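Listed below, chain by chain, are the residues.
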Amino acid sequence: MMMGLGSIVGTGVFVSIGIAAGITGPSVVFAILVAGLVATFNGLSSAQLAAAHPVSGGTYEYGYRWLTPSMGFTAGWMFLCAKSASAATAALGFAGYALQLFQVDRGDWIVPLAVCAVVATTLLLLGGIRRSNWTNIAIVSTTLIALASFVVAGLPIAWREGSANMTPLFTSDVPSTATRQFLEACALMFVAYTGYGRIATLGEEVHNPRRTIPRAIIVTLLVSSLLYAIVGGIAVAAAGTGVLGSTSQQTAPLQLVANHLNSPMVAKLVAIGAVTAMLGVLLNLILGLSRVVFAMGRRGDLPRGLAAVSSKSSTPSVAVVAVGIGVGTLALIGDVKTTWSFSAFTVLVYYALTNLAATRLTAEERLFSPIVPWLGLISCLGLAFWVQPRIWIIGVALISGGLVFRQCLKRSDTSAS
């Protein structure tokens, strides 16, 4: 559960709420709720699959077992694309909040600092999962304390100014445009909940996974949904989306709201909480990504050298390093809206495949109603194509390119044998 919270409570609350608020306005509060509902369907499907097939690799493995090898590979490929983009966003968010914490007004330092954060967390993970677990617990605790102080300080102002800051509800007064913007915001906010999938990738590393993993996913999702709703509502009501969605500081939007509260101590705590949260997200995402790279390398869907395991720390060190390089490269983009939007499309495709796999479960394997995965599948596909067209065009091209790469790799292996 702490691993799931470490992946969820970070970029979503400290970065994506600001991005979504800039797109749809005060209705971002409802986008948070819609995204939470979609995440609930996916969380229940993930819990069932993880209980029935508790192995590292998540939907990549589920796709192979219940769908087809091509769909399994596509799920793994989309996971790598989505979470790498999310990790890059977290690195950029860390850099933005760190500069705010130390009151350094140098926007040109954001990208170099983000890359340094990726290098540091990659080195930490090379030391083994046990050290990472203890670090994660400390990070999550610090983040929750910071968010609690933000809520307490912001509640009186939100109560006083909420009615004015919540109107107009949508950025645009044209119904078709308002609808499009709202659904795009829902897609972006959905990514903020998807850290629970991190739990499913640990199927081979916990005791009694059929009992442990479903409970951890469900509890994590409930806690994070409540936290997002409270923090998002307070932020919008207290400062308005003009402050929260400011395009000049998308890497640190919640800091702008904290500064608006006129409480230096709370502003400092938010910056500290954000910095630790971003590091927690980086740590957990790179860990989860490396396990999927390891699984794909072990099966031959990626170069088999990526499945090498360190004899000293029992860590897939080659995969960890490869993931770190990939995330660091994406961080060079320097635009959190672009990286987060790309993550939204690819992760929605990933969870659409998760739900599709869950529809194939037998009555004995199911833990919940058979309608749950169908609701998840429809809602994921319904949101996926509401991100900017250039983003989903790139995403579709990546799917095609990945499948071609896989075929070339398989042919190479066949020729070598």
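About the criteria used
- Residues numbered from 1 in each chain as written.
- Predicted model: local features only at pLDDT ≥ 70, side-chain atom pairs only at ≥ 80, totals over all residues.
- Heavy atoms only, no water.
- Helix = DSSP H or I, 4+ residues; strand = E, 2+ residues; numbered from the N terminus.
- Rg over C-alpha atoms; globule rule 2.2 N^0.38 Å.
- Contact = heavy atoms within 4.5 Å.
- Salt bridge = Lys/Arg side-chain N within 4 Å of Asp/Glu carboxyl O.
- Expected span 1.5 Å × (residues − 1).
- Bend = angle between axes of the 7 residues up to and from the residue.
- Buried < 20%, exposed > 50% of the residue type's maximum accessible area, 1.4 Å probe, protein only.
- Phe/Tyr/Trp six-rings, centres within 6.5 Å; stacked < 30°, edge-to-face > 60°.
- Lys NZ or Arg CZ within 6 Å of the ring centre and 35° of its normal.
- 1 Å grid on protein atoms, 1.4 Å probe; cavity = no way out; pocket = protein on both sides within 12 Å on 5 of 7 lines; lining within 4 Å.
- Points joined across faces, edges and corners; volume = space filled by probe spheres on them.
- Nonpolar A, V, L, I, M, F, W, Y, C, P; charged D, E, K, R; others polar.

### Some remarks on the overall build of the protein
Scanning the protein from N- to C-terminus turns up 17 helices and zero strands. Its C-alpha atoms give the protein a radius of gyration of 20 Å, near enough to 22 Å, the size a compact globule of 417 residues would have. A principal-axis box enclosing the C-alpha atoms of the protein has dimensions of 70 × 45 × 40 Å. Within the protein, counting contacts between residues at least 6 apart in sequence, those at least 24 apart form 82% of the total.

### Things to note about the pattern of salt bridges
Here the structure, examined in full by the defined rule, presents five salt bridges. Taking the shortest distance from any N to any O, the salt bridge between E61 and R299 comes out at 3.1 Å. In this pair, E61 sits in helix 4 (residues 59-66) while R299 sits in helix 13 (residues 264-299), placing the two residues 238 residues apart along the sequence. Close ionic contact of R160 with E161 constitutes a salt bridge, the shortest N to O distance being 3.8 Å.

### Describing helix 2 (residues 11-24)
Its 14 residues place the ends of helix 2 19 Å apart at the C-alpha level, agreeing with the 20 Å of an ideal helix rising 1.5 Å per residue. A bend of about 30 degrees at I17 is the largest found in helix 2. Where burial is concerned, most of helix 2 is hidden: 13 out of the 14 residues are buried. Positive backbone phi, approximately 85 degrees, marks G25, located one or two places after helix 2.

### Examining the packing of aromatic side chains
Scanning all chains against the criterion turns up 11 aromatic pairs. Members of the aromatic cluster, each reached through a chain of ring pairs, are F79, F190, Y350 and Y351. Positioned above the aromatic ring of Y64, the side-chain terminus of R299 is 3.8 Å from the ring centre.

### Considering unusual backbone geometry
Of note, the bond from T167 into P168 is cis; its omega dihedral lies within 30 degrees of zero at -10 degrees. Assignment of secondary structure puts P168 in the loop between helix 7 (129-165) and helix 8 (175-191). Phi angles above zero are rare outside glycine, and Q103 is one such case at about 55 degrees. Inspection of the secondary structure puts Q103 in the loop between helix 5 (69-101) and helix 6 (110-125). A positive phi is found at N262, a non-glycine position, where the angle reads about 55 degrees.

### Some remarks on the layout of surface pockets
By volume, the second largest pocket amounts to about 340 Å³. Looking at the second largest pocket, it is lined by 14 residues, and the ones nearest its centre are W77, L80, S84, V293 and G326. Elements supplying a minimum of two residues to the lining of the second largest pocket: helix 5, helix 13 and helix 14 (317-331). Residues belonging to the lining of the second largest pocket are distributed by class as follows: 12 nonpolar, two polar and no charged.

The analysis is restricted to geometry; functional conclusions fall outside its scope.
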